[in-house]
Amino acid sequence: MKNFTIPQNVAVSDSGFLFLASTGETFNLNEQGTLIYKMLQNGLNNEEIVNQITAEYEISSDLFQKDLDDFLHSLKTFGLVKEL
Amino acid sequence: MKIAVTGLNATDNPGPGVPLIRCLQEDKSLDFTITGLIYDSLEPGIYMDDIAESCHLIPYPSSGLDSLFDRIRQINETEKIDMIIPTLDSELYGFVKIQKRLEDIGIKTYLPGTDMLNIRAKDKLFNFCKSNNINVPKNILVSSVQDLYGITKEFEYPVAVKGIFYDAYIVNNFDEAVTAFKKISSKWGFPVIIQEYIKGSEFNVVALGDGTGGTVGAVAMRKLYITDKGKGWAGVSIEDEPLIEMSKKIIEKIKWRSGMELEYIKSAQTNEYYLLEINPRFPAWVYLSPNTGQNLPAAMVKLAMGEKQEYFTTYKTGIMFVRCSWDLISDVSKLAQISTSGVIYNGK
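Take the overall build of chain A next. Counting its secondary structure elements, chain A contains three helices and five strands. Tracing chain A from N to C terminus, the helices and strands come up as β-β-β-β-α-α-α-β. In terms of overall size, chain A behaves like a compact globule, its C-alpha atoms giving a radius of gyration of 12 Å where 84 residues would be expected to give roughly 12 Å. Considering only C-alpha atoms, chain A reaches an extent of 35 × 25 × 20 Å along its principal axes. For chain A, with 84 residues in total, the buried portion stands at 39%. Of the side-chain charges in chain A, 5 are positive and 12 negative, and the distance between the mean point of each set is 8 Å.

In this section: the sheet that holds strand S3 (residues 17-20) of chain A. Residues and elements named next belong to chain A. One open sheet accounts for three strands, arranged S2-S3-S4; its pairing is antiparallel. In this open sheet, the two edge strands, each paired with only one partner strand, are strand S2 (10-12) and strand S4 (25-28). Averaged over all pairs of adjacent strands, the angle between strand axes in this sheet comes to 20°, irrespective of strand direction. Sheet analysis places S2 next to S3, joined by three bridges and oriented antiparallel. For Val12, the partnering residue across the bridge sits in S3 and is Leu18.

Quick look at unusual backbone geometry now. Residue and element names in this part refer to chain B. Note the cis peptide between Tyr157 and Pro158, where omega equals 0°. Its location among the elements puts Pro158 in the loop between helix H8 (151-154) and strand S6 (159-162). Here the amide bond leading from Phe190 into Pro191 is cis, since omega sits at -5°, within 30 degrees of zero. With respect to the secondary-structure elements, Pro191 resides in the loop between helix H9 (174-188) and strand S8 (192-196). You will see that Ser258, though not glycine, has its phi angle at about 140°, which is positive. Structurally, the position occupied by Ser258 is in strand S12 (residues 257-267).

What follows concerns the domain arrangement of chain B. Taken domain by domain, chain B comprises domain 1 (2-110 + 327-345), domain 2 (138-196) and domain 3 (199-322). Each of domain 2 of chain B and domain 3 of chain B was reduced to a C-alpha centroid, and the two centroids are 27 Å apart.

Turning our eyes to something else, we now look at the interface of chain B and chain A. Where the parts come together, the accessible area they lose is often given as the size of the interface. Contacts between chain B and chain A engage 10 residues on the former and seven residues on the latter. Buried area between chain B and chain A, both sides added, is near 570 Å², and the carbon and sulfur share of it is 54%. Looking at the side of chain B facing chain A, the largest losses of area belong to B:Arg222, B:Ile238 and B:Glu239, adding up to 56% of the total buried there. On the surface where chain B and chain A come into contact, there are zero salt bridges.

Let us look at the pattern of salt bridges. Residue and element names in this part refer to chain B. A complete count under the given rule lists 15 salt bridges over all chains for this structure. Residues Arg281 and Asp89 are paired through a salt bridge, measuring 2.4 Å at the closest nitrogen-oxygen approach. Within this pair, whereas Arg281 is found in the loop between strand S13 (273-279) and helix H11 (288-291), its partner Asp89 is found in helix H4 (residues 89-97), the two being separated by 192 residues in sequence. Look at Arg281 and you get buried, because its relative accessible area is 12%. For Asp89, a relative accessible area of 5% puts it in the buried group.

Formed by 87 residues in total, the largest nonpolar core has its most connected members in B:Leu24, B:Phe95 and B:Ile250. Split by domain, this core shows at least three residues from each of two domains, domain 1 (2-110 + 327-345) and domain 3 (199-322) of chain B. Once residues lying within four places of it in the same chain are set aside, the contact partners of B:Ile250 are B:Phe128, B:Ile134, B:Leu262, B:Tyr264, B:Leu275 and B:Ile278. Core analysis: the second largest hydrophobic core is formed by 22 residues, A:Tyr37, A:Val50, A:Leu68 and A:Val81 among them.

Further remarks concern empty space enclosed by the protein. Any empty space left between the atoms is revealed when a probe the size of a water molecule rolls over them. All names here are of chain B. By the definition in use, this model includes three cavities of 30 Å³ or more. By volume, the largest cavity is sized at about 70 Å³. The wall of the largest cavity is formed by 13 residues, among which Ile85, Pro86, Ser258, Arg281 and Phe282 lie closest to the centre. For the lining of the largest cavity, the residue count by class is nine nonpolar, three polar and one charged. Residue contributions to the lining of the largest cavity reach at least three from each of two domains, namely domain 1 (2-110 + 327-345) and domain 3 (199-322).

Rules of the game
Residues numbered from 1 in each chain as written. Chains lettered and ligands numbered in written order. Predicted model: local features only at pLDDT ≥ 70, side-chain atom pairs only at ≥ 80, totals over all residues. Heavy atoms only, no water. Helix = DSSP H or I, 4+ residues; strand = E, 2+ residues; numbered from the N terminus. Rg over C-alpha atoms; globule rule 2.2 N^0.38 Å. Buried < 20%, exposed > 50% of the residue type's maximum accessible area, 1.4 Å probe, protein only. Lys, Arg positive; Asp, Glu negative; His and termini not counted. Charge placed at Lys NZ, Arg CZ, Asp CG, Glu CD. Pairing = 2+ DSSP bridges. Axes fitted to C-alpha atoms, helices over the stretch in contact; angles between N-to-C directions. Domains from an automatic or database assignment. Contact = heavy atoms within 4.5 Å. Buried area = accessible area lost by both parts, 1.4 Å probe. Salt bridge = Lys/Arg side-chain N within 4 Å of Asp/Glu carboxyl O. Core = buried A, V, L, I, M, F, W, Y, C linked by side-chain atoms within 4.5 Å. 1 Å grid on protein atoms, 1.4 Å probe; cavity = no way out; pocket = protein on both sides within 12 Å on 5 of 7 lines; lining within 4 Å. Points joined across faces, edges and corners; volume = space filled by probe spheres on them. Nonpolar A, V, L, I, M, F, W, Y, C, P; charged D, E, K, R; others polar.

Have a look at this one:
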């Protein structure tokens with residue numbers, strides 16, 4: 001079970017605009033990215049995110065897990081999320 | 001209190017005078033009026049509302065120190081100046097050298113000594129950094145085209161070709177280096193600096209040193225948009241403790257007294273900061289500083305006047321600036337007045 005935390009130096013707007021205060025970089029998330037990022041902010045772990053998304057959308061757990069892994073990898077690369 | 005400020009050239013290569021005045025205006029505890037000291041009758045700050053109550057032409061630094069001091073003394077007879085804030089690199093040596101004479105006629109400054117200015121000069125910075133364990137790109141000083149053949153002995157292309165005061169070009173081969181060398185040396189003289197090119201992102205810090213090694217305040221900024229002249233046209237304040245600590249260390253070593261801008265590049269390869277330049281005055285983006293909670297120009301004025309000034313420890317991150325070009329409309333009589341008499345009193 002993977003747990004994540006959002007670094008303190010990331011500012012997030014409701015619209016999915018991220019500002020990384022340590023580098024001045026900015027990022028835009030789409031609707032789905034914003035939804036997942038908010039789940040991470042609320043402390044949900046990998047399994048809980050998969051459960052919530054697959055319950056709400058017509059997508060298999062395996063397929064969504066792959067997309068989620070890609071998304072989390074990008075977030076980690078840019079310093080927007082840390083794995084605990 | 002009457003404060004005289006230079007650098008009202010708010011052009012596409014902006015001087016720091018206008019933003020510095022705007023900083024002072026943000027501090028409602030300061031009671032002052034501004035006199036602009038200008039080199040050209042078309043400096044935009046002359047034509048801006050509520051920037052300078054009066055403006056006076058002063059001679060270019062190349063005219064000599066006596067000429068500069070005599071003109072200031074003449075202006076002071078009518079203006080009764082309490083403090084002068086020079087803001088342009090090329091004039092600083094002159095003002096530093098006449099600061100004692102200015103003090104004698106009742107004009108305060110808050111400037112570094114010549115020794116401090118020399119340490120951070122672009123041709124001396126490398127040695128200073130090396131002896132203080134501060135990361136700095138390698139450089140060589142060149143004074144002739146012949147010297148450019150030595151570039152490949154020291155490092156690989158591309159390299160940065162920089163003037164002693166202003167201008168920098170990134171060049172990819174010998175021919176481009178020769179062109180850049182000729183352009184820069186004809187404008188800014190010798191030596192010309194050849195600097196190792198480090199690929200990465202640019203970061204800048206605006207700071208105020210108290211002259212004893214202390215940092216009154218420091219704000220870090222990342223440029224978000226850079227013009228074709230290499231000027232930051234938009235930027236955002238960032239939180240970067242290592243960058244601020246590195247800046248404080250430099251200020252401590254130089255015992256810098258005055259406003260300053262430290263320019264860094266963060267290597268994309270190593271993620272380490274390298275000091276590119278120390279500019280000996282507040283930058284043109286200094287108006288960001290009061291909006292992050294550190295009004296460094298106002299703090300400098302208070303220190304110069306012997307008033308108490310708390311040292312800043314924090315600032316707001318995520319505060320942006322975006323420059324704009326804005327046409328000012330004026331009657332030509334204003335230009336006529338400043339061109340013919342060398343002085344203009346706005347609103348009078």
